[in-house]
Amino acid sequence: MAAANSSLATDQYSCPVCREVLKEPVTIPCGHSYCLDCIDDYWDKSDTKETYNCRQCRRSFKVRPELNKNVLLAEVIKSLKEVKTDVTYSQSYAGPDDAICDLCPGKKLRAVKTCLTCMASYCETHLQPHRKYEALKRHKLEEPTRNLEEKLCARHQQFLEVFCRTDGACICLLCVATEHKSHDTVTPDEERAGRQNQLEVRKAEMKNNIEEKEKKLKEMKETVMMIQSAAETELQEHEEIFKSVIQTIEKLRSEVIVLISSQKRMVVRKAEEVIKQLEKEIKDLKRKDAELAELSQTEDHIHFLKKLPSLCVPVEGRDAPNTTVNGEFLSESLKKKLCYLKKILEEMSGWEFVKAKEAGVNDSGHILQNLRIRNGLLKYSCPLTLDPNTAHRRLRLSEGERKATTEMTEAPYPDHSDRFDFWLQVLCREALSGTRLYWEIEWSGEGVTVGLAYKGITRKGDKEEYRLGYNDKSWNLFCSDSNYIAWHNTIKTEIIVRRSHRIGMYLDCPAGTLSFYSILDTMTLLYRFKATFTEPLYLGFGFKFHSSVRICPLTPCGW
């Protein structure tokens with residue numbers, strides 16, 4: 001009741017004078033309504049008694065209008081006052097997802113019904129006339145609708161009361177009489193009843209689909225848990241293996257240390273005994289030497305003759321043992337085994353996991369490969385030859401197009417679109433992609449650039465960006481006697497390492513890596529590019545003057 005009265009006090013049922021709900025409402029000739037007492041009192045206090053005006057529209061009346069109770073308005077107000085509501089006023093306010101009352105001023109109340117005849121929504125208070133008066137009872141009410149525009153025909157602005165089966169669209173009655181005149185039409189209720197079964201079937205399918213997905217989700221979660229458990233178990237197993245290997249090596253190390261220490265102590269003890277014996281013998285010899293020196297100076301001939309025989313007796317002593325130190329504290333067989341172990345560990349230090357080109361369902365997609373032992377890479381060797389159609393005219397090709405040397409004069413190469421016309425550069429014929437490949441080159445002179453490039457690298461012009469390594473289409477290593485520099489897309493990385501004139505190159509297309517190695521008595525990784533190679537690659541070279549490059553034939557070595 002409080003909600004209804006509060007609403008009445010602030011809407012069109014309020015008196016313009018007292019601002020309260022109209023009491024004994026009267027309507028003056030201009031159409032505005034007042035409380036009977038309020039308008040009488042207002043006119044009684046008016047300064048001019050000759051005219052009477054409306055407080056709202058200011059219309060004047062020369063004769064004071066006769067005031068009669070507006071019976072219809074009084075009945076409406078009475079019925080509104082009788083509205084009962086089970087919710088409080090604060091709970092009746094419209095939320096963001098509610099349909100709002102179109103008649104509420106200020107803050108809107110929640111609509112309880114939508115009138116499709118009036119095309120408006122009403123709260124319980126403003127809906128009362130539709131419940132009270134017969135003329136309004138004939139209006140079509142339905143559950144509150146937020147977007148009434150959806151129920152209007154876009155063309156005729158009429159209520160959508162018909163469904164056209166021919167066009168599959170909701171239409172108004174004017175549409176039925178015009179462009180849908182000969183179409184198959186029914187009421188929305190009839191069409192809804194026919195399509196309800198279709199909806200139920202679709203709901204059942206959706207429910208089954210959800211159940212299947214939930215079942216699959218449960219299975220996948222269980223699978224993930226199993227994978228995690230299996231991975232943890234396998235990790236623990238391998239961890240135990242590695243711990244065992246480390247413990248074995250540590251134990252062997254300790255035993256070797258103990259053995260060498262024991263051997264050292266024994267040899268040192270023997271040497272110290274020899275030292276003590278030698279020191280004693282030296283002391284005795286020095287004593288006799290002093291006595292002989294003293295005897296040689298005496299003038300007493302009798303004393304000399306008696307003493308000399310005893311001093312000429314040789315001092316007895318043991319022969320000193322052979323104590324030569326050669327550092328051989330371990331037996332030859334044991335040293336051979338330790339050298340073999342060292343070789344195995346050195347080989348293991350070069351093991352790396354690299355991505356496999358093809359992996360099965362249960363495969364991790366990686367293989368263990370030795371990228372530091374040259375013989376492990378030679379199986380990926382491939383024959384390459386220089387392409388004379390790409391060579392700058394100051395490059396001379398020889399050794400079956402496997403060697404390029406700079407010349408001061410230009411060679412009579414024919415014109416070709418692939419030829420480098422400014423920079424001293426050349427590419428190989430063979431396209432490299434999709435696999436693992438290894439090759440080696442030897443260089444000499446002031447400096448050369450070795451690397452890979454896409455076929456689309458620019459061949460004509462003198463711009464710096466057309467050089468190998470100075471663009472995003474090539475990856476290269478510059479070699480000289482002073483330094484190594486890795487280049488890609490003008491980004492350089494200087495490398496400090498012992499110089500070598502033989503360079504190994506390993507391309508792993510599945511893993512997306514290009515590695516450069518220095519080949520001396522051992523194999524040393526110089527630099528590794530990590531990239532996504534999107535096109536076939538070509539081995540390429542760039543030259544300073546008085547330089548040459550040769551693609552080497554490969555044979556296995558002993559390391």
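This write-up is about the structure you can find in this document. This one's a predicted model, so the numbers in the text were calculated from it and none came from an experiment.

### A closer look at the overall build of the protein chain
And then number 1: Of the regular secondary structure elements, the protein chain holds 10 helices and 25 strands.
And then number 2: Within the protein chain, contacts between residues at least 6 apart in sequence are counted, and of these 54% link residues at least 24 apart.
And then number 3: Counting every atom, the protein chain has about 35,800 Å² of accessible surface; 53% of that belongs to carbon and sulfur.

### Notes on the sheet that holds strand S5 (residues 113-115)
And then number 1: Overall, antiparallel pairing links the 3 strands, which are arranged S6-S5-S7 in an open sheet. Each edge of the open sheet carries a strand with a single partner, namely strand S6 (120-122) and strand S7 (141-142).
And then number 2: Bridge count between S5 and S6: 3 bridges; the pairing is antiparallel. Note that in S6 the partner of Thr114 across the bridge is Ser121.

### Things to note about the environment of Leu292
And then number 1: Structurally, Leu292 is set in helix H7 (residues 188-296).
And then number 2: Between the C-alpha atoms of Leu292 and Leu308, which are 16 residues apart in sequence, the distance is 8.0 Å.

### Describing the sheet that holds strand S19 (residues 484-488)
And then number 1: Read from one edge to the other, the open sheet built from 6 strands follows the order S15-S24-S17-S18-S19-S20, with strand pairing classed as antiparallel. The open sheet terminates on both sides in strands that have one partner only, identified here as strand S15 (425-427) and strand S20 (491-495). Between one strand and the next, the sheet's axes are offset by a mean angle of 20°, whatever the strand orientation.
And then number 2: Relative to strand S18 (residues 474-479), strand S17 (residues 448-454) is paired through 6 bridges, and the arrangement is antiparallel. Paired with Val448 across the bridge in S18 is Cys479.

### Remarks on the layout of surface pockets
And then number 1: By volume, the largest pocket is sized at about 490 Å³.
And then number 2: Lys151, Leu160, Cys170, Pro188 and Asp189 are the residues nearest the centre of the largest pocket, which is lined by 18 residues in total.
And then number 3: The element that contributes the greatest number of residues to the lining of the largest pocket is H7, accounting for 5 residues.
And then number 4: Among the residues forming the lining of the largest pocket, the class breakdown is 6 nonpolar, 3 polar and 9 charged.
And then number 5: Along its surface, the second largest pocket is lined by 17 residues, and Trp423, Arg467, Gly542, Phe543 and Lys544 are the ones closest to its centre.
And then number 6: Sorting the residues of the lining of the second largest pocket by element identifies S19 and strand S24 (537-543) as the ones contributing at least two each.
And then number 7: When grouped by side-chain class, the residues that make up the lining of the second largest pocket number 10 nonpolar, 4 polar and 3 charged.

### A few points about unusual backbone geometry
And then number 1: A positive phi angle, close to 50°, is found at Glu24, a residue other than glycine.
And then number 2: With respect to the helices and strands, Glu24 occurs in the loop between helix H1 (2-8) and strand S1 (25-27).
And then number 3: Of note, the phi angle at Glu401 is positive, near 60°, even though the residue is not glycine.

### Focus: the nonpolar core
Soluble globular proteins: nonpolar side chains tend toward being buried together.
And then number 1: Membership of the largest hydrophobic core comes to 42 residues, with the highest contact counts inside it found for Trp439, Leu477, Ile503, Leu507 and Phe541.
And then number 2: Aside from chain neighbours lying at most four places away, what touches Phe541 is Leu386, Leu424, Gln425, Val426, Cys428, Ile441, Thr449, Val450, Leu468, Val549 and Ile551.
And then number 3: With 19 residues, the next largest nonpolar core counts Cys15, Val21, Tyr34 and Ile77 among its residues.

### Topic: a positive patch on the surface
And then number 1: On the surface, Lys264, Arg265, Arg269 and Lys270 cluster together into a positively charged patch.
And then number 2: Positionally, Arg269 belongs in helix H7.

### A look at H7
And then number 1: The end-to-end C-alpha distance of H7, which contains 109 residues, comes to 151 Å, matching closely the 162 Å that a straight helix rising 1.5 Å per residue would cover.
And then number 2: The principal kink in H7, of about 35°, is found at Arg195.
And then number 3: Glu191, Val256, Val274, Gln277, Glu281, Asp284, Lys288 and Leu295 are the residues of H7 that are buried.

### Re the side chain of Asn471
And then number 1: Looking at where Asn471 falls in the secondary structure, it is placed in the loop between S17 and S18.
And then number 2: A polar contact is formed between the side chain of Asn471 and the backbone oxygen of Glu465, at a distance of 2.8 Å.
And then number 3: Here Arg467 takes part through its backbone oxygen, which lies 3.0 Å from a polar atom of the side chain of Asn471.
And then number 4: Ignoring any residue separated from it by four or fewer positions in sequence, one finds Asn471 in contact with Ile457, Glu465, Tyr466, His488, Asn489 and Thr490.

### Observations regarding the environment of Leu136
And then number 1: Structurally, Leu136 is set in helix H5 (residues 134-137).
And then number 2: Put simply, Leu136 and Thr117 are 19 residues apart on the chain and 9.3 Å apart in space, counted from C-alpha to C-alpha.
And then number 3: If sequence neighbours within four positions are ignored, Leu136 has contacts with Pro129 and His130.

### Comments concerning the pattern of salt bridges
And then number 1: Using the criterion set out here, one finds 27 salt bridges in the structure.
And then number 2: Of the charged contacts, one joins Glu205 and Arg202 as a salt bridge, the two residues approaching to 3.3 Å between their closest N and O atoms. Here Glu205 and its partner Arg202 are both found in helix H7, 3 residues apart, which amounts to about one turn of the helix.
And then number 3: What makes Glu205 partly exposed here is its relative accessible area of 41%.
And then number 4: Asp284 serves as the salt-bridge partner of Lys280, at 3.4 Å between the closest nitrogen and oxygen. Pair noted here: Lys280 and Asp284 are both in helix H7, with a separation of 4 residues, about one helical turn.
And then number 5: Taken together, the shared-partner salt bridges connect Glu440, Glu442, Arg502 and Arg550 into one network.

Reading guide: rules and limits
- Residues numbered from 1 in each chain as written.
- Predicted model: local features only at pLDDT ≥ 70, side-chain atom pairs only at ≥ 80, totals over all residues.
- Heavy atoms only, no water.
- Helix = DSSP H or I, 4+ residues; strand = E, 2+ residues; numbered from the N terminus.
- Contact = heavy atoms within 4.5 Å.
- Areas by Shrake-Rupley, 256 points an atom, 1.4 Å probe, with all protein chains shown as cover.
- Pairing = 2+ DSSP bridges.
- Axes fitted to C-alpha atoms, helices over the stretch in contact; angles between N-to-C directions.
- 1 Å grid on protein atoms, 1.4 Å probe; cavity = no way out; pocket = protein on both sides within 12 Å on 5 of 7 lines; lining within 4 Å.
- Points joined across faces, edges and corners; volume = space filled by probe spheres on them.
- Nonpolar A, V, L, I, M, F, W, Y, C, P; charged D, E, K, R; others polar.
- Core = buried A, V, L, I, M, F, W, Y, C linked by side-chain atoms within 4.5 Å.
- Buried < 20%, exposed > 50% of the residue type's maximum accessible area, 1.4 Å probe, protein only.
- Patch = residues over 30% accessible without salt bridge, like charges linked within 9 Å, V, L, I, M, F, W, Y side chains within 5 Å.
- Salt bridge = Lys/Arg side-chain N within 4 Å of Asp/Glu carboxyl O.
- Lys, Arg positive; Asp, Glu negative; His and termini not counted.
- Charge placed at Lys NZ, Arg CZ, Asp CG, Glu CD.
- Expected span 1.5 Å × (residues − 1).
- Bend = angle between axes of the 7 residues up to and from the residue.
- Polar contact = N/O pair within 3.5 Å; in protein donor to acceptor, adjacent residues only side chain to side chain.

In short, the description is geometric, and any link to function would need to be established separately.
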